[in-house]
Amino acid sequence: MHQQRPPAAAEHATPGVAPRRPDESALEFRSLLDAAVDAIIVIDHRGRIEQFSASAERIFGYAAAEVIGQNVDVLMPAPYRAEHDAYLERYQHTGEARIIGIGREVQARRKDGSVFPCELAVGKVQGVVPPRFIGFIHDITLRKLADERLRRSESELQLAQELANLGNYVVHLDRSEPDYYSPQLCRILGIGAAEAAFPFIASIGRWVHPGDRERFDEALREFATRGQALDCEYRIVLEDGATRHLHHIAHIVRDAQGTPLKHSGTIHDVTDRRATEDEARQLQERLTHFSRLSTMGEMAAGLAHEINQPLAAIATYAQACQRFVRSPDRDDADVLEALEQINAQALRAGEVIRRLRNFVKNREVKREPVDCNRLLDDLRTLAETDARLHNVRLRIDAEPSLPLVYADPIQLQQVVLNLVRNAIDAMSEAPATRREVLLSTRQSPDGEIEIVVADHGSGLAPEAAEHLFNPFFTTKAGGTGLGLAISRSIVRAHGGRLWHTPNEGTGARFHFTLPAAPVSLASKGE
Ligand code: ADP
């Protein structure tokens, strides 16, 4: 620290206190300057630097000796630099202070020419003529940087929220701070920030779609009473009638004693995603339906035969009836017997048609408790004649007392039928003794239900095995290549897996699993 003269303050001893020697006060003042974190600069009435503290040396990069005696404007960039002399002069004539006693944020300039932001507070040294001024300069580069970063990350967050259709809010339960609703949240809800009134979560309830109200109220009750995080998807109906799908997540922030302080949450507008999923689901359903029709097409010959049989029987019994009625020694018991047979065969044909119609009908997917063993029995009617036509036996090996699965029975039939059709096709070249498809059920050790369709056909070549589940992969002349792709997506949608292994000897085994229905759902169907 270089000093030209002792500071003015040292020349004025405080009344009642033993006067100190000037060099003692000067020393004290210097150590004070050197201890200060902020830069301290004393200038005379013309703006010339008299004192330049150690911090000032550090902050500005000048040694005190370089700047003492120079105009303080060397420490200022344009435009402050040009204005400073005029400013000092005006103050001396008019006493009009722009900074003195007020302080403000200005730009300062280091020795290397770089400019940095600082807070400047200026005081006038009392009791000296001509006046002297003391400036305290606080470098705020870091704070400004932090402010800038915060501002940038806030605007990035806002942009991210806009892109992701995500809004957030904070509700202060103790009202210690104003609640916060992000602009994107207000846009999603179609309201202004002021309308998002306290208590926010309850007030959003008035928009909840009637179909989702029960679920929303239940989630809210859990949130409010048990303090569990809220994680709920629901629809809202806006003032303009538009429906939005929201995914709402919120949690409660508590103090050390566990008292709730605030709710903070995010609301994600997933309307577009849901619409796309809906479209994809409808497309998948149409494809599944198409695949069912095509499987049925392949089995048409067998099914025609299946229906033809009772019709032929009906015709035969009807002719017998005619004969009985015309016969002179007719016995009513014979007639009744033939009519009963007609009735039974008509019912049988009706049943085949009913199953077939059920199977190919374009219908809503509907889950219910399903007994897989019964499902295989039902399926036999649809598949057996086809198998017989191809000289293939169908054998069922069912594990008794299998737990139910919660599934769409028609879709499950479709999976099994696809696998059976493939198994029959794969055995077209096989010797007659090996032409058997074994359908088996069992419960795996982890409780899942497993259905296996095993054949003694050609088996799977490694290159085919890789692509088997890809849509449109087929090795058959008239194949669609959709059966396995659709079967796998049906099984997955039911929470199961579909895969294949080589069969012992020759052929392939296709396995799929389904989770056992929870007890609450399984009992619904009984
Ligand atoms: P598609 O039956 O119309 O060809 P899939 O998706 O059902 O369509 O089957 C795809 C292909 O997988 C078949 O073309 C066949 O090459 C092979 N494949 C399926 N099941 C078997 C099987 N049990 N044995 C041998 N190959 C099979």
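One can find the structure itself at the top, above this paragraph.
Report on the accompanying structure. (Residues numbered from 1 in each chain as written. Predicted model: local features only at pLDDT ≥ 70, side-chain atom pairs only at ≥ 80, totals over all residues. Heavy atoms only, no water.)

A short note on the overall build of the chain
Alright, step 1. Helix and strand counts for the chain stand at 16 helices and 17 strands.
Alright, step 2. Computed over the C-alpha atoms, the radius of gyration of the chain is 45 Å, more than 25% above the 24 Å expected from 2.2 N^0.38 for a compact globule of 526 residues.
Alright, step 3. When the backbone C-alpha atoms are referred to their principal axes, the chain occupies close to 155 × 50 × 40 Å.
Alright, step 4. With 526 residues in all, the chain has 39% of them scored as buried.
Alright, step 5. Taking all contacts inside the chain whose residues are at least 6 apart in sequence as the whole, residues at least 24 apart take part in 57%.
Alright, step 6. Of the roughly 29100 Å² that the chain leaves accessible, carbon and sulfur atoms contribute 54%.
Alright, step 7. Separation of charge centres in the chain, based on 63 positive and 74 negative side chains, amounts to 2 Å. (Helix = DSSP H or I, 4+ residues; strand = E, 2+ residues; numbered from the N terminus. Rg over C-alpha atoms; globule rule 2.2 N^0.38 Å. Buried < 20%, exposed > 50% of the residue type's maximum accessible area, 1.4 Å probe, protein only. Contact = heavy atoms within 4.5 Å. Areas by Shrake-Rupley, 256 points an atom, 1.4 Å probe, with all protein chains shown as cover. Lys, Arg positive; Asp, Glu negative; His and termini not counted. Charge placed at Lys NZ, Arg CZ, Asp CG, Glu CD.)

Some thoughts on the environment of Glu-368
Alright, step 1. Assignment of secondary structure puts Glu-368 in strand S11 (residues 368-370).
Alright, step 2. A C-alpha to C-alpha distance of 31 Å links Glu-368 and Arg-388, two positions 20 residues apart in sequence.
Alright, step 3. Aside from chain neighbours lying at most four places away, what touches Glu-368 is Val-405, Tyr-406, Ala-407 and Pro-409.

Looking at the packing of helix H11 (residues 332-360) against helix H12 (residues 372-389)
Alright, step 1. Look at H11 against H12: their axes get within 11 Å of each other, and the N-to-C directions meet at 100 degrees. Taken together, H11 and H12 sit at an angle that is classed as roughly perpendicular. Contact with H11, carried on its side by Val-352, Arg-355, Leu-356 and Phe-359, involves Asp-378, Thr-381 and Leu-382 of H12 and no other residues of that element.
Alright, step 2. Residue composition of the contact of H11 with H12, grouped by class: four nonpolar, one polar and two charged. (Axes fitted to C-alpha atoms, helices over the stretch in contact; angles between N-to-C directions. Parallel < 35°, antiparallel > 145°, perpendicular 65-115°, else oblique. Nonpolar A, V, L, I, M, F, W, Y, C, P; charged D, E, K, R; others polar.)

Some remarks on the nonpolar core
Alright, step 1. Val-405, Val-416, Leu-417, Leu-419, Val-420, Val-437 and Phe-512 are the most contacted members of the largest nonpolar core, which has 47 residues in total.
Alright, step 2. Breaking this core down by element, the ones donating at least two residues are H11, H12, strand S13 (405-407), helix H13 (409-426), strand S14 (436-443), strand S15 (449-454), helix H15 (483-493) and strand S17 (508-514).
Alright, step 3. The element best represented in this core is H13, accounting for nine residues.
Alright, step 4. Setting aside residues no more than four positions away along its own chain, Val-416 makes contact with Leu-375, Leu-376, Leu-379, Leu-439 and Phe-512.
Alright, step 5. Membership of the second largest hydrophobic core comes to 28 residues, among which are Ile-43, Leu-88, Val-122 and Ile-137. (Core = buried A, V, L, I, M, F, W, Y, C linked by side-chain atoms within 4.5 Å.)

Regarding a negative patch on the surface
Alright, step 1. A surface patch of like charges, here negative, comprises Asp-329, Asp-331, Asp-334, Glu-337 and Glu-340.
Alright, step 2. Note that Asp-329 resides in the loop between helix H10 (300-326) and H11.
Alright, step 3. Residue Asp-329 is classed as exposed on the basis of its relative accessible area, which comes to 66%. (Patch = residues over 30% accessible without salt bridge, like charges linked within 9 Å, V, L, I, M, F, W, Y side chains within 5 Å. Salt bridge = Lys/Arg side-chain N within 4 Å of Asp/Glu carboxyl O.)

Focus: the sheet that holds strand S6 (residues 166-172)
Alright, step 1. The five strands are arranged S7-S6-S10-S9-S8 in an open sheet whose pairing can be described as antiparallel. Taken across any chain shown, the strands that pair with only one partner, and hence form the sheet edges, are strand S7 (180-181) and strand S8 (230-237).
Alright, step 2. Pairing between strand S9 (residues 243-254) and strand S10 (residues 260-269): nine bridges, direction antiparallel. Within S10, the position partnered with Arg-254 by the bridge is Pro-260.
Alright, step 3. Running over the sheet, helix H8 (residues 213-226) touches S8, S9 and S10 and is turned about 145 degrees from S8. (Pairing = 2+ DSSP bridges.)

With respect to the site of the ligand
Alright, step 1. Contacts to the ligand come from 17 residues, most closely from Asn-422, Thr-474, Thr-475, Lys-476 and Leu-484.
Alright, step 2. At a separation of 2.9 Å, a nitrogen atom of the ligand approaches a polar side-chain atom of Asp-455.
Alright, step 3. Leu-484 is positioned with one of its backbone polar atoms (N or O) 2.8 Å from an oxygen atom of the ligand.
Alright, step 4. With respect to the detected pockets, the ligand is housed in the largest pocket.
Alright, step 5. At the level of elements, H13 and H15 are the ones that each hand at least two residues to the shell around the ligand.
Alright, step 6. Partitioned by chemical class, the residues of the shell around the ligand number seven nonpolar, eight polar and two charged. (Near = heavy atom within 4 Å. Polar contact = N/O pair within 3.5 Å; in protein donor to acceptor, adjacent residues only side chain to side chain. 1 Å grid on protein atoms, 1.4 Å probe; cavity = no way out; pocket = protein on both sides within 12 Å on 5 of 7 lines; lining within 4 Å. Sits in = over half its atoms within 2 Å of the grid points.)

Considerations on helix H4 (residues 80-94)
Alright, step 1. With 15 residues, H4 should reach 21 Å at 1.5 Å per residue; the first-to-last C-alpha distance of 20 Å fits that figure.
Alright, step 2. Looking at the buried side of H4, the elements it contacts are strand S1 (39-43), strand S4 (115-125) and strand S5 (132-139).
Alright, step 3. Once H4 finishes, Gly-95 follows within two positions and takes phi at roughly 75 degrees, a positive value. (Expected span 1.5 Å × (residues − 1).)

Things to note about H13
Alright, step 1. Here H13 contains 18 residues, and its C-alpha end-to-end distance of 26 Å stays within 8% of the 26 Å for a straight helix at 1.5 Å per residue.
Alright, step 2. Burial runs high along H13: 15 of the 18 residues are buried.
Alright, step 3. Of the residues that open H13, the one with a side-chain oxygen 3.1 Å from the backbone nitrogen of Ile-410 is Asp-408.

Describing the pairing of strand S3 (residues 104-109)
Alright, step 1. Alignment of S3 against S4, held across six bridges, turns out to be antiparallel. Note on S4: the bridge partner recorded for Gln-107 is Pro-117.
Alright, step 2. Counting the residues that bridge the hairpin from S3 to S4 gives five residues, and of these Gly-113 lies at a positive phi of roughly 90 degrees.

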